[in-house]
Amino acid sequence: MAFQPIVDIGRQEIFAYEALVRGPNGENAASVFEAVTETLLYGFDQACRITAIEQATALGLVGRSAALSINFMPNAVYEPKACIRKTLETAARVGFPTDRLIFEITEGEAVTDPAHLARIVTAYRAMGFRTAIDDFGAGHSNLNLLAQFRPDIIKLDMVLIRDIDRDDVRQSLVRHCVGLCDDLGILMVAEGIENLAEYQTLRGLGVKFIQGHLLAKPAWQRLPEAQFIDFTIV
């Protein structure tokens, strides 16, 4: 796993670390996913959860206040309570608090059975986990998911963020997303921030949580610190 912080820019602190799949020598996620066939999907999803919790604990995340965000594949979960068993066993074994786990609906995966995903989200919420929709606003992550599953967190797709400082349409979309999430009590994260202009624009639109290379790049088998930005220079 590589880990990348999600930052609360108001409090100037790390809200969570997202665990990102990497190969055994640091290869990118795409090269790993290419080898995952449908028959391997369940085992791969389980291995990712266990590895993320074990590595984050070994790196000292338990001693911090930040949560751990783990991507999961809805189509790999055949029964929520059964499939979460190894996750709970791993957290208990290494001493990771389960109330600091966030499960993100993984990017790019089509939701083949919305009712099944609703059951997963409901079951996870009953167990005290928070859930997130990744890449909101692109591909399969859309308003239907938001309406049906009522996640705790949404993460705006970086396509909406890129060059937002020079795009009035993107600014309007993000401004309305901020208002929508405030109305629904959902925490919104803007991901993929790469420069100060994007950061300043997002702050002006009311975005409070961000993730991106501007503050910290993903670090392989390490919990990187965030480069907090002095409000006086933006």
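Structure: see above.
Overview of the structure. Since we're looking at a predicted model, the values are computed, not measured.

Procedures and definitions
- Residues numbered from 1 in each chain as written.
- Predicted model: local features only at pLDDT ≥ 70, side-chain atom pairs only at ≥ 80, totals over all residues.
- Heavy atoms only, no water.
- 1 Å grid on protein atoms, 1.4 Å probe; cavity = no way out; pocket = protein on both sides within 12 Å on 5 of 7 lines; lining within 4 Å.
- Points joined across faces, edges and corners; volume = space filled by probe spheres on them.
- Nonpolar A, V, L, I, M, F, W, Y, C, P; charged D, E, K, R; others polar.
- Helix = DSSP H or I, 4+ residues; strand = E, 2+ residues; numbered from the N terminus.
- Buried < 20%, exposed > 50% of the residue type's maximum accessible area, 1.4 Å probe, protein only.
- Contact = heavy atoms within 4.5 Å.
- Phe/Tyr/Trp six-rings, centres within 6.5 Å; stacked < 30°, edge-to-face > 60°.
- Polar contact = N/O pair within 3.5 Å; in protein donor to acceptor, adjacent residues only side chain to side chain.
- Expected span 1.5 Å × (residues − 1).
- Pairing = 2+ DSSP bridges.
- Core = buried A, V, L, I, M, F, W, Y, C linked by side-chain atoms within 4.5 Å.

Moving on to empty space enclosed by the protein. What the rule picks out here adds up to one cavity of 30 Å³ or more. Estimated volume of the largest cavity: approximately 30 Å³. In this structure, the largest cavity is lined by Ile6, Phe15, Ser69, Ile102, Glu104, Ala132, Ile153, Lys155 and Val189. Of the residues belonging to the lining of the largest cavity, the class tally is six nonpolar, one polar and two charged.

Another aspect to go through is unusual backbone geometry. Here glutamine 12, not a glycine, exhibits a phi torsion of approximately 55°, which is positive. In this fold, glutamine 12 is placed in the loop between β1 (2–8) and β2 (13–20). Using a relative accessible area of 28% as the deciding quantity, one classes glutamine 12 as partly exposed. A positive phi is found at aspartate 135, a non-glycine position, where the angle reads about 55°. Residue classification places aspartate 135 among the buried residues on the basis of a relative accessible area of 13%.

Inspection of the secondary structure assignment puts threonine 87 in helix α4 (residues 85–94). With residues near it in sequence (within four places) discarded, threonine 87 still touches Arg49, Ile53, Leu101 and Phe103.

With that settled, the discussion passes to the packing of aromatic side chains. One pass over the full model with this rule turns up six aromatic pairs. When the centroid spacing of 5.6 Å and the interplanar angle of 55° are considered together, the rings of phenylalanine 72 and tyrosine 124 count as tilted. Of this pair, phenylalanine 72 sits in strand β3 (residues 67–72) while tyrosine 124 sits in helix α5 (residues 114–126), and the two are 52 residues apart along the sequence. Residues tyrosine 124 and phenylalanine 129 carry aromatic rings whose centres are separated by 5.8 Å and whose planes lie at 85° to one another, so their mutual orientation is edge-to-face. Classification of tyrosine 124 by relative accessible area gives buried; the value is 0%.

This brings us to the environment of aspartate 8. Mapped onto the elements, aspartate 8 comes out in strand β1. Along the backbone, aspartate 8 and isoleucine 210 are 202 residues apart, and their C-alpha atoms lie at a distance of 6.8 Å. With sequence-adjacent residues up to four places away left out, aspartate 8 is seen in contact with Glu13, Phe15, Lys208 and Phe209. Separated by 3.0 Å, the side chain of aspartate 8 and the backbone nitrogen of arginine 11 make a polar contact.

Taking 1.5 Å per residue, 18 residues should reach 26 Å; helix α2 (residues 41–58) reaches 26 Å between its end C-alpha atoms and fits that length. Inspection of α2 places Leu41, Phe44, Asp45, Gln46, Cys48, Arg49, Ile50, Ala52, Ile53, Gln55, Ala56 and Thr57 among the buried residues, and these make up the whole buried set. Of the residues trailing α2, glycine 60 is marked for its positive phi of about 95°.

Most of strand β4 (residues 101–105) sits out of view: five of its five residues are buried. With burial as the criterion, each face of β4 is covered, one bearing Leu101, Phe103 and Ile105 and the other bearing Ile102 and Glu104. Here β3 runs beside β4; their pairing, made up of five bridges, is parallel. By the bridge assignment, phenylalanine 72 is partnered in β4 with isoleucine 105.

In this structure, Leu68, Ile154, Leu156, Val174 and Met188 are the most contacted members of the largest nonpolar core, which totals 60 residues. In terms of residue count, α2 provides more of this core than any other element does, six residues in total. In this structure leucine 68 touches Phe3, Tyr17, Ala19, Ala52, Ile53, Ala56, Leu61, Phe96, Arg100, Leu101 and Ile102, once residues within four positions along its chain are discounted. Counting residues in hydrophobic clusters, the runner-up holds 10 residues, among them Ile6, Ala16, Ala132 and Leu187.

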